[in-house]
Amino acid sequence: MAYESIPLEAFHETFKSTTELSSVALGAKVVKVSDEFFAEAFHLLKVEPAPSLKGQFGPNGALYSGWETRRHNPSYDWCIIKLGTLGTIVGFDIDTTHFNGNEGPEVSVDAIIDSSLDEHDVDNANWMEILPRVPLGPSQRHLFKIPETARVKFVKLNMYPDGGIARFRVYGNVAPVQPDSPQEVFDLAHVFAGGRVTFMSDQHFGVGANLILPGRGKDMGDGWETKRSRQKGHKDWVIIKLQVAETSQRTVEIDTAHFKGNFPETCELHALYSEDEVPDSDAADWTQVLSPVKLGPHRRHFFALEADGSVAYTHVKLTIYPDGGIKRVRVYGTKGPYPTTADLAARPIKTIPVLPLTPEAFSPFGQVIQAYGDHTAAPPGTKITPANQGSATKFHKLSLLESSYPAGPRASSGLSVYRCNPTKIVSGGVELKVVERHPYTNQAFIPMGGGGIQGDEALKEPGSAYLVVVAHNGADDKPDFNTLRAFVASAGQGIMYNTAIWHQPMTVLYKPMDFTCVETQIGNGDKADCEILELEAGEVVMLALPRH
């Protein structure tokens, strides 16, 4: 089997467009090992570089962050690893850092090409050598490039005759896993779907490739984080190549999990179609698909993309201002148009994705009213104090009441209750038929929960989700449907609509809900209190409920 030794300084150029298939962050694991007397083999797959444990001892001897076997093996030691996902292999990083005098002198690597089998034994006749026996030196990284293999799921690291290895990294290309249905929403940027991070302006504290990993990680170390900037107007950016050109249902999730004091102030997103692996970051054909938006600490943010649904894109560029850390980026879409029924298909359809409600995404239209278990996750500037002799926490003035009624009939503020029955859901969505606005006041809705006292009038099994659909006013003094946004809120979230914001009347999902409404009104049914607009029958606006 042919191979090429790669100098360390050529690592980035050689493996920059590949994925570390053996990373525990992808779900890779050790399934069988011949011996691990001194140090357990699971260390081989850890994300972080091996630390020095010099001077530390356990019951069996000196401690090492790596895999170390007993001495005097008459044959060789081996370790079978299940890769995090099915893929093809192009190279290895075999690291003996801190193993000096006890490093494994030589290694080889085998693989099972048959990806349908899920368990493999060391004596399986189907093992195929993909890296021949090569020498290793003490306390150093060894890079090897091989011709791209067929798809594999398991590899076997062979160490001759025994010794220690700190880290074993297998680089290659993911065999994409995507839904068969063209209408199923999935993350087009996800590493398992074949997405790849192809360029980062900076990755001082955390590498850009972490952005498309599964899950939400465990700490700041498994996200993308840039160094602090000192220049005015600084920005950092990352380019992600999508495995398939997205065509419909575009939304993006920006997750700042664990970044509580070092999240970016704002971000924006651009997209383009390009045959290049790494398109020019400054190319004129990048299209802005998300205008600059504020980000918050330690939370998932969801935004609808401002893009022409008929245009396909192969790359997205996330730009952060001025710097900071982001845990994950998800680009949700489908490979086909949104499904509909025969009666709706006869009319033009505008599809609006319904996204989880977050303070940042809703801020152009109003305020989200909720508590935060982790106080560092509250929007910056929120005043939080103990209350009730320490038995409660108070989140102060999350929204203020406003009223600008003209002189004349006197308007007054008060509390009302709305009991809302669930709306009709068709093909996974809700048709928007009417919107309203309150020209002279803001308006809040707070879910009330259910009753537990026998005989009371509260709902016994209240719902837990409702829609929040909003739009800005247009130049024609009607809703600007280009600004239409839709959110799904939980029963733990209240909302305050800003004055004169067009919105859908309260619409609940699946089960009835009660709401307390905080409002100012004259109360005579005049348009000054509430202006209602029914949508024209010629166009259908479908609110597509989350399916991911």
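Residues numbered from 1 in each chain as written. Predicted model: local features only at pLDDT ≥ 70, side-chain atom pairs only at ≥ 80, totals over all residues. Heavy atoms only, no water.

**Observations regarding the overall build of the protein chain**
The secondary structure content of the protein chain amounts to three helices and 40 strands. With the C-alpha coordinates of the protein chain rotated into their principal frame, the extents come out at 95 × 60 × 55 Å. Evaluated residue by residue, the protein chain yields a buried proportion of 49% over its 548 residues. Across the protein chain, the fraction of contacts at a sequence separation of at least 24, relative to all contacts at a separation of at least 6, is 81%. (Helix = DSSP H or I, 4+ residues; strand = E, 2+ residues; numbered from the N terminus. Buried < 20%, exposed > 50% of the residue type's maximum accessible area, 1.4 Å probe, protein only. Contact = heavy atoms within 4.5 Å.)

**Section: the sheet that holds strand β32 (residues 443-447)**
Across the sheet, five strands lie side by side as β26-β35-β32-β38-β29; this open sheet has antiparallel pairing. With partners counted over all chains shown, the strands left at the sheet margins are β26 (366-369) and β29 (412-420), one partner each. The average undirected angle you get between the axes of adjacent strands in this sheet is 20°. Judged from the five bridges that link them, β32 and strand β38 (residues 513-521) form a sheet pairing that is antiparallel. Among the inter-strand pairings, F445 is bridged to a residue of β38, identified as C517. (Pairing = 2+ DSSP bridges. Axes fitted to C-alpha atoms, helices over the stretch in contact; angles between N-to-C directions.)

**Remarks on the environment of E265**
Assignment of secondary structure puts E265 in the loop between β18 (248-255) and β19 (266-272). Beyond its immediate chain neighbours, meaning those up to four positions away, E265 contacts V293, K294, L295, Y321 and P322.

**Some points on the packing of aromatic side chains**
On inspection of all chains with the given rule, the structure shows 18 aromatic pairs. On the numbers, 5.8 Å between centres and 90° between planes, the contact of F362 with F487 is edge-to-face. Within this pair, whereas F362 is found in helix α3 (residues 359-362), its partner F487 is found in strand β34 (residues 485-490), the two being separated by 125 residues in sequence. Like F362, the residue F487 is buried in the burial classification. For the cation-ring pair, K156 lies above W127, with the distance from its terminal atom to the ring centre recorded as 5.7 Å. (Phe/Tyr/Trp six-rings, centres within 6.5 Å; stacked < 30°, edge-to-face > 60°. Lys NZ or Arg CZ within 6 Å of the ring centre and 35° of its normal.)

**Details of the pattern of salt bridges**
For the structure shown, the criterion picks out 21 salt bridges. Between K327 and D222 there is a salt bridge; the shortest N-O distance is 3.0 Å. Of this pair, K327 sits in the loop between β23 (325-326) and β24 (328-334) while D222 is found in the loop between β15 (196-200) and β16 (224-225), placing the two residues 105 residues apart along the sequence. Across the pair, exposure class does not vary: K327 and D222 are buried alike. For R437, the salt bridge identified is with E531, shortest N-O distance 2.9 Å. Taken as a pair, R437 in strand β31 (residues 434-437) and E531 in strand β39 (residues 531-534) lie far apart in primary sequence, 94 residues in all. (Salt bridge = Lys/Arg side-chain N within 4 Å of Asp/Glu carboxyl O.)

**With respect to the nonpolar core**
In terms of nonpolar packing, the biggest core is built from 83 residues, with I89, F92, F168 and F362 touching the most fellow members. The element contributing the most residues to this core is strand β7 (residues 77-95), with six residues. Those residues in contact with I89 that sit more than four places away from it in its chain are L21, L83, I130, I146, P147, E148, T149, V152, V155, V170, Y171 and G172. (Core = buried A, V, L, I, M, F, W, Y, C linked by side-chain atoms within 4.5 Å.)

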